[in-house]
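Each chain, letter by letter, is given below.
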Amino acid sequence: MATETIEISIGGMTCASCAARIERKLNKLDGVEASVNYATEKARVTFPGELTPADLVKVVEDTGYTAELPAPPASDAVQVEEADPTRSLRQRLITSVVLSVPVIALAMIPALQFTYWQWLSLALAGPVVTWGAWPFHKAAWTNLRHGAATMDTLISVGVGAAFLWSLYALFLGTAGTPGMTHGFSLTIERMSGAGNIYLEVAAGVTTFILAGRYFEARSKRRAGAALKALLELGAKDVAVLRDGREVRIPTGDLRVGDEFVVRPGEKIATDGVIEEGTSAVDASMLTGESVPVEVGVGDAVVGATVNAGGRLVVRATRVGSDTQLAQMARLVEEAQSGKAEVQRLADRVSAVFVPIVIALAVGTLGFWLGTGNGVGAAFTAAVAVLIIACPCALGLATPTALLVGTGRGAQLGILIKGPEVLESTRRVDTVVLDKTGTVTTGQMSLVSVHTDEDEEEVLRLAGALEHASEHPIAKAIARGAAERVGDLPAVEEFQNLEGLGVQGVVGEHAVLVGRERLLAEWSVHLDSTLAEAKKAAEEQGRTAVIVAWDGKARGVLVVADTVKPTSKEAIQGLRTLGLRPVLLTGDNEAAAKAVAAEVGIDEVIAEVLPADKVDVVKRLQDEGRVVAMVGDGVNDAAALAQADLGLAMGTGTDVAIEASDLTLVRGDLRAAVDAIRLSRRTLATIKGNLFWAFAYNVAALPLAALGLLNPMIAGAAMAFSSVFVVSNSLRLRGFRSVSS
């Protein structure tokens, strides 16, 4: 059955149980899978073809919340400034603080209690309890109409009960008599409550909870800022070549195949291939890699990176939502809207928590009244139970840590595809590393020259001949020779001999470069020194290329796929995390062992066909190991999907990236260490948040039920727990890369 997935923006959610209710309602529809995220205020819904997005919106609205389908992307000209969702909260908070402070001061300090102080308190507390707490009352009423209860129900009932009791005491009891005084202490002690008014509780709790909600909303905006910043990295306009002239157009109007100009210091508008010019490109915004990368004609470049050198003409290959930047942003957003296993538990708890708390508050009230302790004491204990129980922090524990963790990862070039990935990083004990392109550069380089002749002359003649060939080994020799001796001479009578090598005339010399078989055809043989050098290179799994001219073998050039300079440090970092590295490659065993020895890996699995990489991962899993796989090629995709945790190098293929759980945008293996460290840190933060959100409720509820907790302290502590959870999550913004 064909399905679609959309994201719906939801308004009116105030706590985790709101999100849980919407999720339950959506999931009751046939074939619908919904995940509602309280922190991002979005629902990610997969639904079958017979339903429409409008049907989903109606379900959310019938549940008592607002819902909006994603708007089509607006052009820069018509983009409207996004309304600040914290503005209304800020206004209510400031007003409530100004009015509540005198109410609390009058209640706490008997010396300030003049003859009619209680009536002034009522005048000041009234606007706080009605207008200031209006969002809580409105949400509680909406939920009541739909036969549900949320954290707002607890707050509204608690604040309303304290205020109504005070009205009763003032107008029908003895609290309104002139000269009435009562003491107040923020201590854990049993209170009788007889003749007391609770205006300071009603106003104080409202103010504390508004403060918690305000800082929570502000922090949620800051936590999601990394994604917004990622989306805003791209260039806004671009100079396109039209009939040889440069025309500036908005980036959104670019089409695949368009050629555009990038001057020094400008951002590259979209993903493309260089048609003209050479330069250095600073990709640090996307990859976290601080050193600019040298690029030239034929090299691929990524949108939003900065041209640090010369003028480039680039042909667009991917535009709009297909670009690497857009894909990164989409991955980050998908990760933020998912749920970790620990969060699903929290959602189930919060869904049944409110009815239990209301029952507990009623039970507390009944118990205190039944034991003859007076209405005031019973009422105080019941209100404290209602207020202390609100686990608002529970709904924030996972989403805020995920928002900050995935956002920080994106800044460092690490894309975490979903919260389930975090659970995997904790259990992993073995990391399988593909050799080519992951541990090594994946590019052949000239590593050594063995000769009894002048080394520069050997390189000059061999480099000149190989420069005319397209073979990867020939390119490596030509590049290495040019770096060491400078300009290479011209070649005449060049001939490419398939599978053997090349021959031609350079200056006055007839030159041969290739295998020993090629030289044998010309009756040229190696002397013992060169034969020994060739044998030693091949034993290390390297390629030995022989150079001869004028009927004599003159040198052996050794070519190999070189190890990335940071790989050894990365392997050490993986060991420090308690992981066992395994090198996996299709290369011969000698080459694999040479690379493994260079970087410090003990376990090597070599000569593996691409199709057999999955079997290697399965075998390790059958041995009881929890396996992470790091790879970059098409042939790694199946193994990445099979592994418990797949990490794709972002320099690799789209197929590998799609199959992985984590994408490392830069080609540095140290990013794998960072990814696992950040994932583990994020998971630890989530667990820490959940512990404090639960522990604080569990510890405080008995105190409240026993009448040992003033409702004011309960309100302050509840607000503090939310702020604590968000602040704890924001600490992830300080996560540092091992390479920094």
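Remember, it's a predicted structure, so these values are computed and weren't measured experimentally.

What counts, and where the lines are drawn
Residues numbered from 1 in each chain as written. Predicted model: local features only at pLDDT ≥ 70, side-chain atom pairs only at ≥ 80, totals over all residues. Heavy atoms only, no water. Buried < 20%, exposed > 50% of the residue type's maximum accessible area, 1.4 Å probe, protein only. Helix = DSSP H or I, 4+ residues; strand = E, 2+ residues; numbered from the N terminus. Pairing = 2+ DSSP bridges. UniProt positions renumbered as here; feature names shortened; annotations may be inferred. Axes fitted to C-alpha atoms, helices over the stretch in contact; angles between N-to-C directions. Expected span 1.5 Å × (residues − 1). Phe/Tyr/Trp six-rings, centres within 6.5 Å; stacked < 30°, edge-to-face > 60°. Lys NZ or Arg CZ within 6 Å of the ring centre and 35° of its normal.

Caption draft 1: Molecular detail of the pairing of strand β15 (residues 430-434). Where burial is concerned, most of β15 is hidden: five out of the five residues are buried. Because side chains alternate across β15, one face comprises the buried residues T430, V432 and D434, and the other comprises V431 and L433, equally buried. Pairing of β15 with strand β22 (residues 580-584), which is carried by five bridges, proceeds in the parallel orientation. Bridge assignment links D434 to a residue of β22, and that residue is L584. Sheet topology note: the β15/strand β24 (residues 627-631) ladder contains four bridges and is parallel.

Caption draft 2: Structural context of the UniProt feature "transmembrane region" (unreviewed entry) in the chain. As annotated in UniProt, the feature "transmembrane region" (unreviewed entry) corresponds to residues 93-110, 116-134, 154-177, 197-215, 349-369, 375-398, 689-706 and 712-730 in the numbering used here. Between the C-alpha atoms that bound residues 154-177 there is a distance of 31 Å. The span itself is 75% helix and 0% strand. With 94% helix and 0% strand, residues 689-706 has end C-alpha atoms that lie 27 Å from one another.

Caption draft 3: Fine view of the sheet that holds strand β1 (residues 3-11). If you trace the four strands from one edge of the open sheet to the other, you get β2-β3-β1-β4, paired in antiparallel fashion. Each edge of the open sheet is held by one strand with a lone partner, namely β2 (33-37) and β4 (66-68). Shown here is a sheet whose adjacent strand axes are inclined to one another by a mean of 25 degrees, direction ignored. Where β1 and strand β3 (residues 42-48) come together, seven bridges link them in antiparallel fashion. Note on β3: the bridge partner recorded for I6 is V45.

Caption draft 4: Structural context of helix α5 (residues 134-145). Taking 1.5 Å of rise per residue, 12 residues should cover 16 Å, and α5 covers 16 Å from first to last C-alpha, within 8% of that figure. Among the residues of α5, F136, H137, A139, A140, T142 and N143 are the ones counted as buried. Looking one or two residues beyond α5, the residue adopting positive phi is G147, at roughly 65 degrees.

Caption draft 5: Representation of the packing of aromatic side chains. Per the counting criterion, the structure on display carries three aromatic pairs. Ring geometry for W119 against F171: centres 5.3 Å apart, planes inclined by 70 degrees, an arrangement best described as edge-to-face. You can see W119 sitting in helix α4 (residues 117-132) and its partner F171 sitting in helix α6 (residues 151-171), a full 52 residues away along the chain. Owing to a relative accessible area of 54%, F171 belongs among the exposed residues under this scheme. Ring centres of F691 and W692 lie 5.3 Å apart, and the angle between their planes is 75 degrees; on these two criteria the pair is classed as edge-to-face. One aromatic cluster is present, formed by F691, W692 and F724 through successive ring pairs. The cationic tip of R92 hangs over the ring face of W131; the distance from NZ or CZ to the ring centre is 4.9 Å.

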